[in-house]
Every structure is written in structure tokens, then in C-alpha cells.
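# Examination of the molecular architecture
Listed here are the chains, written in short residue letters.
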Amino acid sequence: MTHAETLRSLIRTDPLCMTVLKNARQLTLADWAIGAGFIRNRVWDHLYHKGTSLPGDIDFLYFDASDLSPAADKTIEKRILAQAPDFPWSVKNQARMHLKNKDAPYKNTANAIAHWLETPTAIAVRLETDDRLTILAPFGLEDLFSGTVRPTPSGQKKADQYSARLKGKNWQARWPDLTIIKAA
């Protein structure tokens, strides 16, 4: 079984994952996905035989270059909270995140994810209208499934931010067998 097949199986057999994805899909946004810790934690919990853990927030990503206002995120967040109030949604339009990150404008959600700081977090999934799961993984799935945390090219450029994030997340407290690679 490939990593992509394993990831799809983990998501499909997890009622919580499917509930989150179905709620997100109901908003019918273009170029949306659920990513970061929601995916990463699910895989690492599986790999290291931990009980499933919900991250502190559910990163709901979408891309809409026609409205870069933070108010648009709040409107969508209110909509998703009305559907599923028990989940810690964090809605972010990836079309404006380049401003926060001081990058060139992103082209789409997958391109935005490629600017995240570490490879096992730079992964998202979308539940399509025909129930297929689309995986957005600009750096592949190998690091996620091998328990390797390494900086993306952006993480290398922003080594201080990458290091601070590793320290703040302290992933090895829950998953001690992770391999952490420092930025050069």
C-alpha cells in the first residue's frame, strides 16, 4: 500500500476525520482543504500507536483572491461553526497569507502549503463532491510516514521561525521517536 493509499484509508476509517471533511465540503468553496496538524497528528498517532488526538485547531484552508480581507475568513468561520460548533475551526484564505509570510503571492492552496515551514505539516486533504479524497502534499508523504520533521525551503529561509515552531510544538513529548532535522 502506498503512503497516499494509507492516508486515504486512515481518513476514511476515522469518523471524526470524515465528519470534519463533510462539514467543510458543505460550504462549497473553491480550492479548499483541511490540513496541517489535523492530518499530521492522525498519521503520527497511527504510526506510534497513540490514541487519536485532535489538534488545538482544525486548519480550514481555502483560496479566494477576490477577497483578501480577514473579515471574509470570519464569515466562513461563522458558517462552519454553525454547522459544526464542537470543532476548533481556524479558517484562513491562503490567497492572503503571503502578506503575513512576506512571500510573493501564492497561486492556489497547494502553492500556499508549499510555503509552510516543515514537510510533515505541509499536507492537506479535500473531500471531493464524488467522495474522492484529494491529497495536497507539495513535498510528498515520505517525511510524514517516516516520522521525519525537516524544514521546507521556506523553513530553511526562515530558520529562526522554524526553530521556534519546533520548540513551541514540542512534538517529541507525544511522539518521542520522531526524527527532527534542524534548519541549516
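Refer to the preceding data block for the structure.
Computed from a predicted structure; not experimentally measured.

## Details of the environment of Ser154
Within the element layout of this structure, Ser154 appears in helix 8 (residues 153–157). Given a relative accessible area of 6%, Ser154 falls into the buried group. What Ser154 contacts, discounting residues up to four positions off in sequence, is Ala114, His115, Trp116 and Leu117.

## Overview of the environment of Thr19
Position of Thr19 relative to the elements: it lies in helix 2 (residues 15–25). On the accessibility criterion, Thr19 (36% relative accessible area) is partly exposed. Note: C-alpha distance between Thr19 and Asp31 (twelve residues apart in sequence) is 19 Å. A polar contact of 2.8 Å, which involves the side chain of Thr19, links it to the backbone oxygen of Pro15.

## A word on the layout of surface pockets
Put simply, the largest pocket is a space of about 730 Å³. Surrounding the largest pocket, 31 residues form its lining, Asp59, Lys100, Trp116, Thr121 and Arg165 being those nearest its centre. Of all elements in the fold, only helix 3 (37–47), strand 2 (58–62), strand 3 (89–93), helix 5 (97–101) and helix 9 (159–169) reach the threshold of two or more residues within the lining of the largest pocket. Each residue belonging to the lining of the largest pocket can be placed in one class, and the counts come to ten nonpolar, ten polar and eleven charged.

## Looking at the packing of helix 1 (residues 3–12) against helix 3
Two elements in contact, helix 1 and helix 3, have axes whose closest approach is 11 Å; the angle formed by their N-to-C orientations is 95°. Here helix 3 runs roughly perpendicular to helix 1, going by the angle between their axes. Residues Leu7, Leu10 and Ile11 of helix 1 pack against Ile39, Arg42, Val43 and His46 of helix 3. Residues that form the contact of helix 1 with helix 3 fall into these classes: five nonpolar, one polar and one charged.

Definitions and cut-offs
- Residues numbered from 1 in each chain as written.
- Predicted model: local features only at pLDDT ≥ 70, side-chain atom pairs only at ≥ 80, totals over all residues.
- Heavy atoms only, no water.
- Helix = DSSP H or I, 4+ residues; strand = E, 2+ residues; numbered from the N terminus.
- Buried < 20%, exposed > 50% of the residue type's maximum accessible area, 1.4 Å probe, protein only.
- Contact = heavy atoms within 4.5 Å.
- Polar contact = N/O pair within 3.5 Å; in protein donor to acceptor, adjacent residues only side chain to side chain.
- 1 Å grid on protein atoms, 1.4 Å probe; cavity = no way out; pocket = protein on both sides within 12 Å on 5 of 7 lines; lining within 4 Å.
- Points joined across faces, edges and corners; volume = space filled by probe spheres on them.
- Nonpolar A, V, L, I, M, F, W, Y, C, P; charged D, E, K, R; others polar.
- Axes fitted to C-alpha atoms, helices over the stretch in contact; angles between N-to-C directions.
- Parallel < 35°, antiparallel > 145°, perpendicular 65-115°, else oblique.

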